[in-house]
Amino acid sequence: MLRKLFGMFGKSLAMDLGTANTLLYTPKDGIVLNQPSVVAVDVKGDKVLAVGNEAKEFLGRTPDKIRAIRPLKDGVIADFEVTKVMIMYFLKEVIKGFKLFKPKLVIGVPSGITQVEKRAVIESGLQSGAREVKLIEEPMAAAIGAGLPIHEPRGNMVVDIGGGTTEVAVISLSAIAYAESVRVAGDEMNESIQRYMQEEFKVLIGENMAEEIKIRVGSAYPLSEKLICRVLGKNLIDGTPKSVEVTDGHIREAIAEPVNIIVKSVHIALEKTPPELVGDIVDNGLLLAGGGALIRGLDKLISKKIGVKVNIDSEPLTTVVRGAGQTLLEEKKFNQVFIN
C-alpha cells in the first residue's frame, strides 16, 4: 500500500504547452491527453464553461457574454490566469487524486523564450498544482523524441513548426549550438488563408475553417494531383452565405509568405552554424517536426531551397512531448538538457 501511495505521489508528466494544442505524456502510459489550448469563459463572472476540444468549438461562435480564449500566443503565455486554469483542468483529466498527489512536470518551451516568460510558465505549472516544474527547449525535446544522437559530437538540426513559433536549432553534445526562433508558424498560415479568402474570393471565414482548409488542401510545393475543397463563408459584399471552390494552388499562394519566412530561418541557422556541424547536417539531413511538418511538400521545398535532405518524424505532432517524456524515463542521462 505504501509503495502504491509513493508511486502516485511520485507521478511525473511531460507537457507540450503549445499555442494550438496541449499534450500530456506519462512514462507509464505514453500520451494521455491531446487537446486544443482553448478555454471558454463567462465574461460576467469569469466562470469557466469549457476547456480543450469543447472550447475550440466555441471559437467564432460565441455570443457577447462568452469568450473563447487561446491563452498562449506565439508559444508563450499571454493570459496567465486562464493558462493556469487550463493546465489544472488537463492535469485533473489525467491524474486521479490530483489534489492529494501533486505531479512533477517537464514542460517544453520555445528556445527564444525570455526569463520573464520562463518564470510565467513555471509559476503557472506550480500554481496549477505541480510540485516541481522543469523546462526543456522544444527543439531539444524534439531531437530526443526523434531519437537523434544528441550526446555525440556531431551536428543534429531540428526544425519544429508549431502553432505559434518555428524553432530551428543545431544540437551537439547535449547542448544547442545555435537556435533561431521565429514567431511565424501554423497560426500565421491560418491568418494568411483568411486574408487570401477575403482578397481573392471576397469571402469571410473563421479561424477553424482556415485551419480545416490548410489540413485538407494546403501545400508548400506543387503536387502531382490537384486537391480541391469547397469552402462556405460569408460574402464580404452583402453578408450573405457564399460557397467557393479552392485548390491546393490557391492555398500554396496564400501561405507562401509564412512558408518563405520558415525556409529563410533555416537558411540563416545554417549560415551561422560552424562548418564542421554543417557538414554533419549535410550528411544526415535535418529533422522536421511539429504540426507544420504535415504541410504537403514542405520537406521538398526546404530541400530544394537549402540543398539538405529533410527527414520528417514519424509522428511530428507528438515529437516534442515524447522527447520531454523520455527525459523522465532517463533523468540522469538527460539531466543537462533542462534550462534554468
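Residues numbered from 1 in each chain as written. Predicted model: local features only at pLDDT ≥ 70, side-chain atom pairs only at ≥ 80, totals over all residues. Heavy atoms only, no water.

## Describing the environment of leucine 277
Tracing the backbone shows leucine 277 in helix H10 (residues 275–284). Put simply, leucine 277 and arginine 154 are 123 residues apart on the chain and 6.1 Å apart in space, counted from C-alpha to C-alpha. Here leucine 277 is in contact with Arg154, Gly155, Val170, Ser172 and Ala177, once residues within four sequence places are set aside. (Helix = DSSP H or I, 4+ residues; strand = E, 2+ residues; numbered from the N terminus. Contact = heavy atoms within 4.5 Å.)

## A short note on the sheet that holds strand S6 (residues 66–69)
Pairing is antiparallel in the open sheet, where three strands are placed in the order S5-S4-S6. Of all the strands in the sheet, the pair left with one neighbour each is strand S5 (48–51) and S6. Ignoring which end each strand starts from, the neighbouring axes of this sheet average 15 degrees apart. Each of strand S4 (39–42), S5 and S6 is contacted by helix H3 (residues 80–94), which is oriented at about 60 degrees to S5, the strand it contacts most. (Pairing = 2+ DSSP bridges. Axes fitted to C-alpha atoms, helices over the stretch in contact; angles between N-to-C directions.)

## Some remarks on H3
Taking 1.5 Å per residue, 15 residues should reach 21 Å; H3 reaches 22 Å between its end C-alpha atoms and fits that length. Listed in full, the buried residues belonging to H3 are Val82, Thr83, Lys84, Met86, Ile87, Phe90 and Leu91. Here H3 starts with a cap whose side-chain oxygen sits 3.4 Å from the backbone nitrogen of glutamate 81, and that cap is aspartate 79. (Expected span 1.5 Å × (residues − 1). Buried < 20%, exposed > 50% of the residue type's maximum accessible area, 1.4 Å probe, protein only. Polar contact = N/O pair within 3.5 Å; in protein donor to acceptor, adjacent residues only side chain to side chain.)

## Description of helix H12 (residues 319–329)
Residues that lie three or four places apart on an α-helix share one face, since the helix turns once every 3.6 residues. Counting buried positions along H12 yields nine of 11 residues, so the element is predominantly enclosed. Residues Thr319, Val320, Val321, Arg322, Gly323, Ala324, Gly325, Thr327 and Leu328 constitute the buried set of H12.

## With respect to the pattern of salt bridges
According to the stated counting rule, one finds 14 salt bridges in the structure shown. Two residues, glutamate 123 and arginine 119, come together in a salt bridge whose shortest N-O distance is 2.8 Å. Placement of the pair is glutamate 123 and arginine 119 together in helix H4 (residues 115–127), with a separation of four residues, close to one helical turn. By relative accessible area, glutamate 123 is classed as partly exposed at 26%. The salt bridge partner of arginine 230 is glutamate 245, with a shortest N-O separation of 3.3 Å. With arginine 230 in strand S15 (residues 228–235) and glutamate 245 in strand S16 (residues 241–247), this residue pair connects regions lying 15 residues apart in the sequence. By relative accessible area, arginine 230 is classed as partly exposed at 49%. (Salt bridge = Lys/Arg side-chain N within 4 Å of Asp/Glu carboxyl O.)

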